[in-house]
Amino acid sequence: MPPRTIRGRCLDPLPGARDVAYLPDAVLEIDENGHISAFGPAPSGCAIPETLPGTVWMPGFVDAHVHFPQTRIVGRSSGALLDWLAQTVFPEEARFADKTYANTVAAEFCRALIASGTTTAAVYGSSHPVATAALFTALDRSHLRATVGLTLMDRAAPPALCLEARQALVAAEALVARWHEHDEGRLRFAVTPRFALSCSEALLEGAGELAARHGLPIQTHLSENHAEIAAVAAAFPGAAHYLDVYAQHGLCTERTVFGHCIHLSDDEWTVMQAAGAAVAHCPDSNFFLGSGVMPLRRTLERGVRVGLGSDVGAGRTFSLRRIAAAAYDAALVCGARVEPAELLWLATLGGAQALGLGDAIGRLAPGYEADVIAVAAPEVDDRAALLDALLFSHSTEPVRNVLVRGRRAV
Ligand code: GUN
Ligand code: ZN
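Report on the accompanying structure. Just so it is clear, the model here is predicted, and its values are computed rather than measured.

The rules behind each value
Numbers given for residues are sequential positions, taken from 1 along each chain in its written order. The order in which chains are written sets their letters, starting at A; the order in which ligands are written sets their numbers, starting at 1. With the structure being a predicted model, the display of local features is reserved for residues of pLDDT at least 70 and the display and counting of side-chain atom pairs for 80 or more, all residues being used for whole-chain, interface and lining totals. The basis for the side-chain values is all heavy atoms of the structure; hydrogens and waters are excluded. One heavy atom suffices: a residue is near a molecule or strand as soon as one of its heavy atoms comes within 4 Å of it. Within 3.5 Å is the distance limit for a polar contact, defined as a pair of N or O atoms, with the added protein rule that one can donate a hydrogen and the other accept it, and that residues adjacent in sequence qualify only through two side-chain atoms. Areas reported here follow the Shrake-Rupley algorithm with a probe of radius 1.4 Å; residue values treat only the protein chains shown as occluding. A run of H or I in DSSP becomes a helix once it reaches four residues, and a run of E becomes a strand once it reaches two; helices and strands are each numbered from the N terminus. Strands are labelled as partners when DSSP assigns at least two bridges between them. Coordination here is defined by N, O and S atoms within 2.8 Å of the metal (3.2 Å for Na, K and Ca), and since water is not considered, a site can look incomplete. Working rule for geometry: tetrahedral if four donors all subtend angles between 85 and 135 degrees; square planar for four, octahedral for six, if opposite donors exceed 155 degrees and the others stay between 65 and 115; irregular in every other situation. Relative accessibility under 20% of the residue-type maximum defines a buried residue, over 50% an exposed one, and the middle range a partly exposed one, all with a 1.4 Å probe and only protein chains included. Note on geometry: axes are C-alpha line fits, over the in-contact stretch for helices, and angles between N-to-C directions span 0 to 180 degrees. Under this scheme an angle from 65 to 115 degrees is roughly perpendicular, one under 35 degrees roughly parallel, and one over 145 degrees roughly antiparallel; angles in between are oblique. Whether a crossing is left-handed or right-handed is set by the direction in which the near helix is turned from the far one by less than a right angle, anticlockwise for left-handed and clockwise for right-handed. Any two residues whose heavy atoms approach within 4.5 Å at even a single point are treated as in contact. When residue character is reported, Ala, Val, Leu, Ile, Met, Phe, Trp, Tyr, Cys and Pro are called nonpolar, Asp, Glu, Lys and Arg charged, and the others, Gly included, polar. Within 6.5 Å between ring centres, the rings of Phe, Tyr and Trp (the latter by its six-membered ring) count as paired, and their orientation is classed by plane angle as stacked under 30 degrees, edge-to-face over 60, tilted in between. Ring-over charges, as used throughout, are those where CZ of Arg or NZ of Lys falls within 6 Å of the ring centre and within 35 degrees of the ring normal. The seven residues ending at a residue and the seven starting there each receive a fitted axis; the angle between those axes is the bend at that residue.

**Remarks on the site of ligand 1**
- What surrounds ligand 1 is the set His-67, Gln-70, Leu-81, Trp-84, Leu-85, Arg-194, Phe-195, His-221, Glu-224, His-260, Ser-285 and Asp-311.
- The contact in question runs from an oxygen atom of ligand 1 to an N or O atom on the side chain of Arg-194, over 2.7 Å.
- With respect to ligand 1, the side chain of His-221 contributes an N or O atom lying 3.5 Å from a nitrogen atom.
- Out of a free accessible area of 280 Å², ligand 1 has 100% covered by protein chains.
- Considering every element that reaches the shell around ligand 1, the biggest residue donor is helix α1 (residues 81-94), with three residues.

**Points about the sheet that holds strand β2 (residues 20-30)**
- Strand order in the open sheet formed by seven strands is β3-β2-β1-β4-β15-β16-β17, and the pairing between neighbours is mixed. Bordering the open sheet on either side are β3 (36-41) and β17 (407-408), each of which pairs with just one other strand.
- Strand direction decides the pairing type here: strand β16 (residues 399-404) and β17, joined by two bridges, are antiparallel. Note that in β17 the partner of Leu-403 across the bridge is Arg-408.

**Remarks on the coordination of the zinc ion (ligand 2)**
- Distances from the zinc ion (ligand 2) to its protein donors, His-65 (NE2), His-67 (NE2), His-221 (NE2) and Asp-311 (OD), fall at 2.0 to 2.2 Å.
- Metal-centred angles of 91 to 167° between the four donor atoms at the zinc ion (ligand 2) mark the site as irregular.

**Description of the pairing of β16**
- Among the six residues in β16, five count as buried, and that is most of the element.
- Bridge count for strand β15 (residues 372-376) against β16 is four bridges, and the pairing is antiparallel. If you follow Ile-373 over to β16, its bridge partner there is Val-402.
- Hairpin connection, β16 to β17: the antiparallel pair is bridged by two residues, and Arg-405 has positive phi, about 50°.

**As for the packing of helix α12 (residues 320-333) against helix α13 (residues 340-354)**
- Relative to each other, α12 and α13 sit at 135°, their axes nearing to 10 Å. With respect to each other, α12 and α13 are oriented oblique. The element α12 and its partner α13 pack so that their crossing is right-handed. Touching Leu-320, Ala-324, Ala-327 and Tyr-328 of α12 are Pro-340, Leu-343 and Ala-347, all from α13.
- The residue makeup of the contact of α12 with α13, split by class, is seven nonpolar, no polar and no charged.

**With respect to the packing of aromatic side chains**
- In total, this model carries eight aromatic pairs according to the counting rule given.
- Each ring, one from Phe-96 and one from Tyr-101, has its centre 5.1 Å from the other, and the planes form 75°; the classification is edge-to-face. Exposure class is identical for Phe-96 and Tyr-101. Each is buried.
- Measuring from centroid to centroid gives 5.9 Å for Phe-109 and Phe-318, while their planes differ by 70°, and the two rings are edge-to-face. Of the two residues, Phe-109 sits in helix α2 (residues 99-115) while Phe-318 sits in the loop between β14 (306-308) and α12, which places them 209 residues apart along the sequence. Across this residue pair, the class does not change: Phe-109 and Phe-318 are buried.
- Grouping aromatic residues by their ring pairs yields a cluster made of Phe-68, Phe-96, Tyr-101, Phe-109 and Phe-318.
- Over the face of the ring belonging to Trp-179 we find Arg-178, whose NZ or CZ atom lies 3.9 Å from the ring centre.

**As for the pairing of strand β6 (residues 118-124)**
- Counted residue by residue, β6 has seven buried out of seven residues, so it is predominantly covered.
- Two strands pair when backbone bridges link them, and strand β5 (residues 61-67) and β6 are joined in this way by five bridges, in the parallel orientation. In the strand pairing of β6, Val-66 is matched with Val-123.
- One ladder, built from five bridges, connects β6 with strand β7 (residues 145-149); its direction is parallel. Looking at β7, one finds that Tyr-124 is bridged to Gly-149.

**So, the sheet that holds β6**
- In space, the four strands of this open sheet follow the order β5-β6-β7-β9, with parallel pairing throughout. Looking at strand neighbours, the two that pair on one side only are β5 and β9 (187-189), the edges of this open sheet. Averaged over all adjacent pairs, the angle separating strand axes in this sheet is 15°, with direction ignored.

**Looking at the side chain of Arg-9**
- Mapped onto the secondary structure, Arg-9 falls in strand β1 (residues 4-13).
- Under the relative-accessibility criterion, Arg-9 is labelled buried at 5%.
- Only 2.9 Å separates the side chain of Arg-9 from the backbone oxygen of Ala-377, close enough to count as a polar contact.
- When sequence neighbours within four positions are dropped, the list of residues in contact with Arg-9 reads Tyr-22, Leu-23, Pro-24, Gly-54, Thr-55, Val-56, Trp-57, Ala-377, Pro-378, Glu-379, Val-380 and Leu-386.

**Quick word on the environment of Ala-131**
- Within the secondary structure, Ala-131 sits in helix α3 (residues 129-142).
- Residues Ala-131 and Asp-183 lie 52 residues apart in sequence; the distance between their C-alpha atoms is 20 Å.

**Some points on α13**
- Maximal helix bending in α13 amounts to about 50°, located at Leu-346.
- The element α13 is extensively covered by neighbouring structure, given that 14 of its 15 residues are classed as buried.
- Two residues or fewer after α13 comes Gly-356, characterised by a positive phi angle close to 75°.

**Section: the environment of Ala-280**
- Structurally, Ala-280 is set in strand β13 (residues 278-281).
- Judged by relative accessible area, which is 0%, Ala-280 ranks as buried.
- Here the alpha-carbon distance between Ala-280 and Ala-157, two residues 123 residues apart in the chain, equals 24 Å.
- Ignoring anything within four residues of it in the chain, the contact list for Ala-280 reads Ala-64, His-65, Val-257, Phe-258, Gly-259, His-260 and Gly-307.

Below, the structure is given as structure tokens:
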């Protein structure tokens, strides 16, 4: 790949603060390996023409929590979490036993990520190994970056979706061998128990053991809905609390990303902090399912890493900009406002750090991989107006270019 130089307006997430720097005229150089080799203000008299006028360049978005087999059920309302799972989600996810269907939706899923400017996603795959393999193949061809799991479930769901623990772990092991750290870590495999309710003790134990043996990322749902929490307490009477179910099985680690975390007790937050686990904040999904509001400011103050998740299909959009807007609203509901710059930081570098990728992506600094996007944006001259337009304008401007490791995602 030939080296390339980009000149234009740039937003650069800062490493030491939840903030972004705005450079109204900057030069970004990408080397032949897709790494950023230089970045800084354009020198006076710079002869390089502006690249894609009318856009602003920034690191690609990181979706810290999204469900591949829910691509076609975005915005389907059927009540709160457990009813929505039974009525809307499980029937759709059962279709992924069919490899042809999985291939078709995998292409749609990749297109939706790219159209939204998402360059990295932490994805819940199908519970069907063949469909999760189809997703890996599509992500590889699209040149996206992703962490993908076989969604583990062996109980409390229709038989068409369940895979018995031993079979699931063998299938997961095969996916690790084929895809984990593929293309120098562009694709990774994540151990993905759907949530405590869908897993037997044997499956949770095997999942924890698999994750430890390979040092794999882990993702699951935690404390999203009151009925779910009560059901977990009934199903796991030996656990001190919901998070303890995961902790007991080696699934609460610094490589774990917990989705939602709305109703955690102080004890659970303490366990989470001590483990160094991260949170995927999914505010649009939380509004849509009426799950509640995650206390974002308080979580950040505890020093817990947080990324933003679309949680498609409970989330009604793939756009991390819309998710950031929902996070803004959710923070207001909590009475603890967050800044637009902070939200853009969470949607990029914050998400990268939550997924353990903060040394590789999420900044425009030399040495970082060139996962960058160009988003159409109005010609406003102050940073605040630009951030507001990017995050809160309801007619979201299109994403004009999406590069992963310097190469166009397609
Ligand atoms: N909990 C278990 N499965 C799911 C899911 O697919 N979506 C959400 N939002 N929560 C879950
Ligand atoms: Zn989810």
